[in-house]
Amino acid sequence: MSDKQEKKIQNFQLRARMPLIIRVAAVFALAATIIAIGIGFYRSRNNQEFRMKGYPTELSKDVVAQVNGYERRETDGDVVKYYIKADKATTFTDNHQELENVFLQVFGETGETSDQIKAQKAVYIPAENKNFTAYFAGDVNVETRDGLKVKTEQLTYNKETEIANADELIEFSRENVTGKSFGAIVKTKEKTLELLRDVEIIANGQGTGEFANSNFQQARIAARHAFLNQADGKIDFNQSVNINITPNESDASSQPTDIKSDRATAFFVNKEIKKIDLNGNVDVYQKPTSANAKWTKTRANRAVANINKELKQLELFENVFIETASNGAKPTQIKTNYAIYEKDSDKFELKNGVEIVTAQDNKQTIIKSSEAIYEQANGKVFLYGAAEITQGVDFLKGDNVTAELFPNKKLKNAFVKGNAYLKQTAPERTTEISGDELNAFWGDNQQLQIANALGASNAVLIPAKSDEYTKVTLSAPNAIKLNFNGAGLLEQMQTEGRTTVAMTAPTGKIDASNKRLTADTVKTLLNANGKDLAKAEAVGNAELFVEPLRNSAENYRTTVNAPRFDCDFFETGNSAKNCSATGKAKAVRVPTITGENRGNQTLISDRMNASFNQQSQDIQQFDAVGNAKFSELDRNGTANQITFTASDETVRLRGEPLVSDSRARAKANEIDWDTRNEKSFLRGKVSTTYISQKQTGGATPFAESNSPVFITSDAAEFQHQAETGIYTGNARAWQENNYVRADRLVLQQKQGQLYGEGAVQSLLYDAKRKENGKESNVPVYAQSQKIYYFKDKNLLRYETDVDIRQGTDRIVAGVANVYLTDKNEVAQTVAERDVVVTSPNRKAVGDYAQYVAADESIVLRGNPARIDDSESGSTQGAQVTVFLKTNRVINESKTNQTNTGRIRTVYKVKKQ
């Protein structure tokens, strides 16, 4: 280290006795002492013992010389440079030296002051270029010429790198400052000091020394790690930084100061602290400078203060908390993430989220914004970005706010620009007003007197029970002006331009709905209590819009248009009770959740009335009279009168009702159309017409695909999504001369199936039959208790009490399957269970009978199967096959199905 540097270090002093404007000055002086600690290490060039890190493992053990009572002094002229002594000094063949009970004294330029080091043992190891490494161990004590004392067990110094290491506990003191750290690294070349772990420094403000006249009793700083950089003029404290300042007991107005942060940095310029940077939960108290001045408390995660004999400006970062109050007054609290405090003007510039809280008579005024300027002395607040002010029952917000406070820090007036909004809560109701700009004025009693919104404006009325009452909003394009009386009730509401009335659902009711009523002219009347709407008249292009809060399959957005609406409200709740539309009215319901089979619903009529549910605020019923029509997707319904109820989403058509879609149309005396479950219920003289057999999905056993199919019954149910029609009571389906009749018919279009039960009758009028090789039309009549038709199999199945006739032939059985061709002709008939087949002069009995039209054969099986022919005799066996065309019979004794083992035939011989 150069002589110039030595002199600079020797003369370095912190002017700690300058006026302490705030207690953080004690922290500055404390940090300056840490610099002095580093300076002491720079001068010492010390190191540790033989078991420490980096100690050579192989040193010579061959002694060259040994001196007891070793002593050496080196001078430069008359000036002593250093002095060393030891009880014993041993020199080895590799030139390293070991000294016991060593004492080293290094003098300054004049030789009057010195640094000293003592240790039980020292090892000197020379290196090239006059470099060396020195190890000190055992009760190592260092005392610098500046009064710094250091104590440790091991110390290592390397001259080449100019680095000193201490790996164990280090304790140090200087005047009123003491401290300790576990491990340290001093780099004299870079002029840095690193305290490695568990750093603790204590400064006492009483007694002698740099802090003798301080206004604190004790200051303590602790951190996991500390790093001093003399060249940059700063000290970094890292990890769990804690600073505690205890005030003098004689200063009754003082309060303890606790500073916490994750990181703290102290900066120094020109031997005086110019800047300190603290990070993480920083608390600073500013003492009043006069009897009328205020105490100020500041909190931040990071703080920067510029000081030149006295505090001019304080800059704070992250989680800033400021508490300021006049003597004996309620404090004003400021929270932000960045703040600059100008002491002379008593002004705060706040950024990155601001909250200012004033208190008087146990009532708070809360001011919030993104940025703010708070002129504490003259009571003005300028808010920028997301500005909000809450005072008692009043709340306002906007992009920017200029506010003036009464001397008691309560709000006097506010001028809001950009997204302006104000809410005033009275015992009976809450009033809100908003616009592009807004100005509001308060009286001495803190009650809102005037609120004026300019530009596109809204006024909102909210009764006190917001969970039971509807919020009502009035909108106007130019301005809304409100006047309040002393009781807090709305006296006057003046709007400019077309007004819209919006009714917002009560809070906490997710199944409720919002409503909006607009028209060329809207007139609203309130009840005498000033909180409840009584009537609303909307004239000229009136529109009523209802929107549920929750999207669901059963909820719809509803729009009703008419030339005029007259609305009445429930006695309480600001909830519409009934709206009557005069003139041609149209209502459109749009599902909140779209689906494949869900579409917009439209209701049109000459006159219309909408009734509302008081709880949900949604329309619970439409009553449409005169030329009423309801439609959804391709389904339509018309009647003289239509009633729609939202609870079950059912359309009730009365007075010549008719429903239709792209496939069919139906009429009855009464029709109920369940749009939610996609079902329709028809009662009385039901008549359905399917445009063609194709439109039934081929679900009827009729031949003509392009001809209409008719179905009648006493009642019917249509399941639209399943494409199923259920007809009950004398049900009959027909096409031209073909029909199916039953007590109940079920038509399944998607599956192409028909099911009937109860007194089933059917006629296939155009059925073909081959007889003796000739084809002719012979109708097939069938009776049973059940009937099934499967389009994909071309199968007619009859069950229970089956009786099928075609011409003179008849089949009676428990079950019969009739297989049809693509032309709907009988290709094959299979009968089972107690089968009896009769034709002229012939009777067949068995368990199974199969008729195949292609070869005009009948296969009969039984146990045994038997055929009686009045002309040819009889035959029986396990299986008997009769070829009608050739009158040939084949009898088998065993089959896979029957195993009787015997055949019997009786022939009748004709007389000659």
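Residues numbered from 1 in each chain as written. Predicted model: local features only at pLDDT ≥ 70, side-chain atom pairs only at ≥ 80, totals over all residues. Heavy atoms only, no water.

If you tally the helices and strands in the protein chain, you get two helices and 61 strands. Across the 912 residues that make up the protein chain, the buried fraction comes to 49%. Excluding contacts between residues fewer than 6 apart, the proportion of contacts in the protein chain whose partners are at least 24 apart in sequence is 44%. For the protein chain, the accessible area works out to roughly 42600 Å², and carbon and sulfur atoms hold 44% of it. (Helix = DSSP H or I, 4+ residues; strand = E, 2+ residues; numbered from the N terminus. Buried < 20%, exposed > 50% of the residue type's maximum accessible area, 1.4 Å probe, protein only. Contact = heavy atoms within 4.5 Å. Areas by Shrake-Rupley, 256 points an atom, 1.4 Å probe, with all protein chains shown as cover.)

By the element assignment, Gln721 lies in the loop between strand E47 (709-719) and strand E48 (724-735). Considered as a pair, Gln721 and Glu678 are 43 residues apart in the sequence and their alpha carbons are 6.2 Å apart. Apart from the residues lying within four places of it in its own chain, the contact partners of Gln721 are Asn597, Glu678 and Lys750.

With that settled, the discussion passes to the packing of aromatic side chains. Tallied over the entire structure, the rule returns 10 aromatic pairs. An angle of 15 degrees between the planes, with centres 5.9 Å apart, marks the rings of Phe630 and Phe644 as stacked. Separated by 14 residues along the polypeptide, Phe630 in strand E40 (residues 619-632) and Phe644 in strand E41 (residues 635-645) bring together distant segments of the chain. Assigned by exposure class, Phe630 and Phe644 land together as buried. Here the aromatic residues Phe630, Phe644 and Trp673 are joined through ring pairs into a cluster of three or more. A cation sits over an aromatic face here: Arg741 above Tyr739, 5.4 Å from the ring centre. If you follow Lys793 out to its NZ or CZ, it ends over the ring of Phe790, 5.6 Å from the centre. (Phe/Tyr/Trp six-rings, centres within 6.5 Å; stacked < 30°, edge-to-face > 60°. Lys NZ or Arg CZ within 6 Å of the ring centre and 35° of its normal.)

Time to look at the environment of Thr113. Secondary-structure assignment places Thr113 in the loop between strand E3 (97-107) and strand E4 (114-126). C-alpha of Thr113 to C-alpha of Thr144: the two residues are 31 residues apart in sequence and 8.9 Å apart in space.

Note on pairing: side chains with opposite charge can pair once their charged atoms come close. In the structure shown here, the tally under the stated rule is 26 salt bridges. Two residues, Arg197 and Asp198, come together in a salt bridge whose shortest N-O distance is 3.4 Å. Take Arg197: its relative accessible area is 34%, and that puts it in the partly exposed class. For Asp198, a relative accessible area of 36% corresponds to the partly exposed category. Overlapping salt bridges bring together Arg654, Glu670, Asp672 and Arg683 as one network. (Salt bridge = Lys/Arg side-chain N within 4 Å of Asp/Glu carboxyl O.)

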